[in-house]
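Below are the chains, spelled out letter by letter.
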Amino acid sequence: MVNSKINMKWKIILASNSPRRKQLLAGLDIPFEVRVLQNIDESYPHNLPVSEIAEFISLKKASAYLQTMSPDELVITADTIVILGQEVMGKPHDETEAKRMLGALSGQTHQVTTGVTLSTHNRQLSFSVTTDVTFKELSADEIDYYVSTYRPMDKAGAYGIQEWIGYIGVTALQGSYFNVMGLPVQRIYEALRTFCETPNK
């Protein structure tokens, strides 16, 4: 019988309060705990290519945690952004901005990129995963209903693909569905295996 579990050498720390990221990481059947530091700077250079922003921010988050880590800990930091053309969509500040974002995404294909950094005291691995998502033409009533009912102000691009808007609006998806939810767990699983199978230096 193949053993699918990873024999972790480290205590895994998920540096996120997101319930979706907690749910997704828990699906790997690896014990972990959540630790969140406040007021981490998530700014980035304005000339940075949009495809590199999420990974850049995940590295900045990792740098903040390195000051507090124990030698036996491995910290996972992540950041997810929605990209339409060259516009980066983070979390909306209010309902008006959420409706504007969804109106812009309506009838379009956009990219969801999640940057991830795995850090121990001795090693660091960073990568990003991108998924293409296509929405149908969303009506104003559909957008109003979703925003008022689900209040997606904690979600990049003002939507959660696992919610009603994803059920009725997403017509095509190329890449990882879980990445759109906020964590590319398949890549994280492979990265954790690499950490465990490579001698610690």
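For the structure, check the block above.
Residues numbered from 1 in each chain as written. Predicted model: local features only at pLDDT ≥ 70, side-chain atom pairs only at ≥ 80, totals over all residues. Heavy atoms only, no water.

Draft legend 1. Structural detail: the side chain of T80. Considering the arrangement of structural elements, one finds T80 in strand β3 (residues 73–84). For T80, a relative accessible area of 15% gives the class buried. A polar side-chain atom of T80 sits 3.0 Å from a polar atom in the side chain of R21. At 2.9 Å, the side chain of T80 and the side chain of T114 are in polar contact. Setting aside its immediate chain neighbours within four residues, T80 contacts R21, V112, T113, T114, A156 and G182. (Helix = DSSP H or I, 4+ residues; strand = E, 2+ residues; numbered from the N terminus. Buried < 20%, exposed > 50% of the residue type's maximum accessible area, 1.4 Å probe, protein only. Polar contact = N/O pair within 3.5 Å; in protein donor to acceptor, adjacent residues only side chain to side chain. Contact = heavy atoms within 4.5 Å.)

Draft legend 2. Inspection of the nonpolar core at higher detail. Ranked by internal contacts, the top residues of the largest apolar core, which has 44 residues, are L74, I76, L118, Y159 and I188. No other element matches helix α7 (residues 185–197), which puts six residues into this core. If near-sequence neighbours (up to four positions away) are discounted, I76 is found in contact with I12, I13, L14, A15, L25, V116, T117, L118 and I188. (Core = buried A, V, L, I, M, F, W, Y, C linked by side-chain atoms within 4.5 Å.)

Draft legend 3. The packing of helix α3 (residues 95–105) against helix α4 (residues 140–150), seen in detail. Where α3 meets α4, the axes come as close as 10 Å, and the angle between the chain directions of the two elements is 135°. In this view, α3 runs oblique relative to α4, as classed from their interaxial angle. At the point where α3 passes α4, the crossing takes the right-handed sense. Residues E95, A98, K99, L102 and G103 of α3 pack against I143, D144, Y146, V147 and S148 of α4. (Axes fitted to C-alpha atoms, helices over the stretch in contact; angles between N-to-C directions. Parallel < 35°, antiparallel > 145°, perpendicular 65-115°, else oblique. Left-handed = near helix turned anticlockwise from the far one by under 90°.)

Draft legend 4. The pattern of salt bridges, seen in detail. The full count for this structure, using the stated rule, is 13 salt bridges. Here R100 makes a salt bridge to E87, at a shortest N to O gap of 3.2 Å. Of the two residues, R100 sits in helix α3 while E87 sits in strand β4 (residues 87–89), which places them 13 residues apart along the sequence. Taken together, the salt bridges that share partners define one network made up of K11, E33, R35 and E73. (Salt bridge = Lys/Arg side-chain N within 4 Å of Asp/Glu carboxyl O.)

Draft legend 5. Quick look at the packing of aromatic side chains. Per the counting criterion, the structure on display carries five aromatic pairs. A centroid spacing of 4.8 Å and a plane angle of 70° characterise the contact between Y145 and W164, whose relative ring orientation is edge-to-face. Linking Y145 in helix α4 with W164 in helix α5 (residues 164–169), this pair joins segments that are 19 residues apart in sequence. Taking relative accessible area as the criterion, Y145 reaches 39% and is therefore assigned partly exposed. (Phe/Tyr/Trp six-rings, centres within 6.5 Å; stacked < 30°, edge-to-face > 60°.)

Draft legend 6. Structural view of α3. Inspection of α3 places A98, M101, L102 and L105 among the buried residues, and these make up the whole buried set. Relative to the axis of α3, the buried residues are bounded by an arc of 95° and lie together on one face. The opening residue of α3, the one whose side-chain oxygen lies 3.3 Å from the backbone nitrogen of T96, is D94. Positive phi shows up at G107, right after α3, with a value of about 75°. (Arc of directions from axis to C-beta.)

Draft legend 7. Seen up close, the environment of L102. Mapped onto the elements, L102 comes out in helix α3. With a relative accessible area of 0%, L102 lands in the buried category. Those residues in contact with L102 that sit more than four places away from it in its chain are L138, I143, Y146, V147, G157, A158 and Y159.

Draft legend 8. Just the side chain of E73, in detail. Considering the arrangement of structural elements, one finds E73 in strand β3. Classification of E73 as buried rests on a relative accessible area of 4%. Side-chain polar atoms of E73 contact the backbone nitrogen of S70, separated by 3.0 Å. Not counting residues within four places of it along the chain, the set of residues in contact with E73 comprises W10, K11, I13, R35, T68, S119 and T120.

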